[in-house]
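Spelled out, the chains give:
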Amino acid sequence: MKKTFLKLRQNQYFFLFILLFAYLQSIYSRILIRRELNIYIFTPEAAIAKLIEVGILFFVFYFFIKYWQESKVFSTKKMIKIFSASLIVYLLIIQSISLLISFIFGNIERNFNWNTICLSSLTSLIDGFIYGSFIFAYYNYLKNKKHQELVATYNHALSESRINQLKTQLNPHFLFNNLNVLDQLIEEDKHKASEFLNEFANIYRYVLQATDKNLVPIHEELAFAMQYFKLIQHKYGKAYQLKIESIGSGYIVPLTLQLLIENAIQHNFGSTDNPICIKIEATDTICISNNFIPKRSSKTTSGRALQNIKEQYKLLTHDPIVIQKSDNEFSLIIPIIRPK
């Protein structure tokens, strides 16, 4: 009994629709027969009785669907089988209830003659077909909704898994690149190398924390980018400069700005007299730009880290990363993500 009430409560809006439809149907039938308007035409007892009948039909359908459900998709043959069996059982139940009521009130002969049985059976079959169609349509709607939820959950889990894989690639990338800088500083200036190592240890904590997140606030990522740039200045001094023009609101993929700053340094030759100026502007989007002075002999890079960032954004937003390049400037526009 408890499961029955739970099932009714879970489908309360469907039964509310059935009640409204049955009520309108009863009004229409009474007007059609009596051809007049009175209070009796609008009384709800016929609709309530029909709701009870549809409730019986609902559970009959539910029983046969569960009994014959071998897969998530029904064939046309299986649907016809379920529909036919449900209508027959429904008709037998309704006629049995009608017989019981007639027996209690002592009017079996009046209600169970041949003409009355044929007429009531035909009416019940027509009603069963109409309301059974509603039930089947409602069942398929619920099944399709559940399937879409499962697909969405699966896609979300797949995206999360893919993002985590991409992050595990970025973390070593950040570590090894900065260890290479540290190695060079040890040979050039041990004091600078010591300062670099202390600052690197502090900001690497952010890297470890960020890899557990899909998104971070823009202001946190900008603060990290400025700390990272201080490490760069240990090696290059004023040959590379960072300018932040505005800070907007929203979220960004962790380590994006650090990667793009590193990318600008790897591909451009800066000097004190002719520095590379990296500019970050965050408004509706984030624009990272720098003047373009290509190195004469630079190591061939795979571009894997930048491609990694692109793939993460594809999984998190429909807005693409836009790359713009001219003879003297390179810029990259990153979408700002605003979770709903």
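Residues numbered from 1 in each chain as written. Predicted model: local features only at pLDDT ≥ 70, side-chain atom pairs only at ≥ 80, totals over all residues. Heavy atoms only, no water.

**So, the nonpolar core**
Then comes step 1: Residues Leu257, Ile261, Ile278, Ile286, Ile288, Tyr313 and Ile334 are the most contacted members of the largest nonpolar core, which totals 45 residues.
Then comes step 2: Taken together, the elements giving at least two residues each to this core come down to helix H6 (114-188), helix H7 (190-210), helix H8 (218-236), helix H9 (256-267), strand S4 (276-282), strand S5 (285-291), helix H10 (304-316) and strand S7 (329-335).
Then comes step 3: For Ile278, the residues in contact, after removing those within four places along its chain, are Phe229, Gln241, Leu242, Lys243, Ile261, Ala264, Ile265, Ile288, Ser289 and Asn290.
Then comes step 4: Core analysis: the next-biggest nonpolar cluster, separate from the first, contains 24 residues, Leu57, Trp68, Phe136 and Tyr139 among them. (Core = buried A, V, L, I, M, F, W, Y, C linked by side-chain atoms within 4.5 Å. Buried < 20%, exposed > 50% of the residue type's maximum accessible area, 1.4 Å probe, protein only. Helix = DSSP H or I, 4+ residues; strand = E, 2+ residues; numbered from the N terminus. Contact = heavy atoms within 4.5 Å.)

**Thoughts on empty space enclosed by the protein**
Then comes step 1: Overall, the coordinates contain two cavities of 30 Å³ or more when judged by the stated rule.
Then comes step 2: The calculated volume of the largest cavity comes to roughly 60 Å³.
Then comes step 3: Forming the walls of the largest cavity are Leu260, Asn263, Ala264, Ile288, Asn290, Phe330 and Leu332.
Then comes step 4: At three residues, the largest contribution of residues to the lining of the largest cavity is made by H9.
Then comes step 5: Of the residues assigned to the lining of the largest cavity, the class counts are five nonpolar, two polar and no charged. (1 Å grid on protein atoms, 1.4 Å probe; cavity = no way out; pocket = protein on both sides within 12 Å on 5 of 7 lines; lining within 4 Å. Points joined across faces, edges and corners; volume = space filled by probe spheres on them. Nonpolar A, V, L, I, M, F, W, Y, C, P; charged D, E, K, R; others polar.)

**Here's the deal with the pattern of salt bridges**
Then comes step 1: Under the counting rule described, the total for this entry stands at five salt bridges.
Then comes step 2: A salt bridge links Glu45 to Arg30; the shortest N-O distance between them is 2.7 Å. Taken as a pair, Glu45 in helix H3 (residues 45-68) and Arg30 in helix H2 (residues 12-34) lie far apart in primary sequence, 15 residues in all.
Then comes step 3: Judged by relative accessible area, Glu45 falls into the partly exposed class, the value being 40%. (Salt bridge = Lys/Arg side-chain N within 4 Å of Asp/Glu carboxyl O.)

**Considering the packing of aromatic side chains**
Then comes step 1: Summed over the entire model, instances satisfying the criterion amount to 20 aromatic pairs.
Then comes step 2: Plain terms: the ring middles of Phe61 and Phe136 are 5.6 Å apart, the flat faces sit at 90° to each other, and that makes the pair edge-to-face. A residue pair is termed long-range when its members are at least 10 positions apart, and Phe61 in helix H3 and Phe136 in helix H6 qualify at 75 residues.
Then comes step 3: By relative accessible area, Phe136 is classed as buried at 5%.
Then comes step 4: Ring plane angle 80° and centroid distance 6.0 Å describe the contact between Tyr131 and Phe134, whose orientation is recorded as edge-to-face. (Phe/Tyr/Trp six-rings, centres within 6.5 Å; stacked < 30°, edge-to-face > 60°.)

**A closer look at the UniProt feature "transmembrane region" (unreviewed entry) in the protein chain**
Then comes step 1: The residues that UniProt annotates with the feature "transmembrane region" (unreviewed entry) are residues 12-33, 39-65, 85-108 and 114-139.
Then comes step 2: Helix makes up 100% of residues 12-33 and strand 0%, and the two end C-alpha atoms of the span are 31 Å apart.
Then comes step 3: Spanning residues 114-139, this segment combines 100% helix with 0% strand, and its end C-alpha atoms are found 36 Å apart. (UniProt positions renumbered as here; feature names shortened; annotations may be inferred.)

**Some details on the sheet that holds S5**
Then comes step 1: Spatial strand order, S2-S4-S5-S7-S6: five strands in an open sheet with mixed pairing. The open sheet has two edge strands with one neighbour each: strand S2 (240-246) and strand S6 (322-325). Looking at each pair of strands side by side, their axes are set apart by 15° on average, direction ignored.
Then comes step 2: Along the sheet face, H8 touches S2, S4 and S5 and points at about 160° away from the line of S2.
Then comes step 3: The strands touched by H9 within the sheet are S2, S4, S5 and S7, with S4 carrying the most contacts at an inclination of about 155°. (Pairing = 2+ DSSP bridges. Axes fitted to C-alpha atoms, helices over the stretch in contact; angles between N-to-C directions.)

**Topic: H2**
Then comes step 1: If you check H2, its first and last C-alpha atoms are 33 Å apart, about what 23 residues at 1.5 Å a residue would give, namely 33 Å.
Then comes step 2: Taken as a whole, H2 has its buried residues at Phe14, Phe15, Ile18, Ala22, Ser26, Ile27 and Arg30.
Then comes step 3: Phi turns positive one or two residues past the end of H2, at Arg35, with a value near 55°. (Expected span 1.5 Å × (residues − 1).)

**Details of the side chain of Asn268**
Then comes step 1: You can see Asn268 is positioned in the loop between H9 and S4.
Then comes step 2: Among the polar contacts made by the side chain of Asn268, one reaches the main-chain carbonyl oxygen of Ala264 at a distance of 2.8 Å.
Then comes step 3: Separated by 2.9 Å, the side chain of Asn268 and the backbone nitrogen of Ile293 make a polar contact.
Then comes step 4: Discounting chain neighbours no more than four positions away, the residues touching Asn268 are Tyr240, Ile276, Asn290, Asn291, Phe292, Ile293, Pro294 and Lys295. (Polar contact = N/O pair within 3.5 Å; in protein donor to acceptor, adjacent residues only side chain to side chain.)

**Some details on the packing of H3 against helix H4 (residues 76-105)**
Then comes step 1: Relative orientation of the contacting elements H3 and H4 amounts to 140°, with a least axis distance of 9 Å. Regarding the angle of H3 to H4, the classification is oblique. The handedness of the crossing between H3 and H4 is right-handed. On H4, the residues that touch Glu53, Ile56, Leu57, Val60, Phe61, Phe64, Ile65 and Trp68 of H3 are Lys78, Lys81, Ile82, Phe83, Ala85, Ser86, Val89, Tyr90, Ile93, Ile94 and Ile97. (Parallel < 35°, antiparallel > 145°, perpendicular 65-115°, else oblique. Left-handed = near helix turned anticlockwise from the far one by under 90°.)

**Quick word on the pairing of S5**
Then comes step 1: Where S4 and S5 come together, five bridges link them in antiparallel fashion. Looking at the pairing, Ile280 lines up with Ile288 of S5.
Then comes step 2: As paired strands, S5 and S7 are joined by seven bridges and run antiparallel to one another. Bridge pairing in S7 places Asn291 opposite Glu329.

**So, the packing of H8 against H9**
Then comes step 1: Interaxial distance between H8 and H9 falls to 8 Å at its minimum, and their mutual angle equals 30°. Taken together, the axes of H8 and H9 lie roughly parallel to each other. Considering how the two elements wind past one another, H8 and H9 form a crossing that is right-handed. In contact with Glu221, Leu222, Phe224, Ala225, Tyr228, Phe229, Ile232 and Tyr236 of H8, H9 contributes Thr256, Leu257, Gln258, Ile261, Glu262 and Ile265.
Then comes step 2: For the contact of H8 with H9, the residue count by class is ten nonpolar, two polar and two charged.

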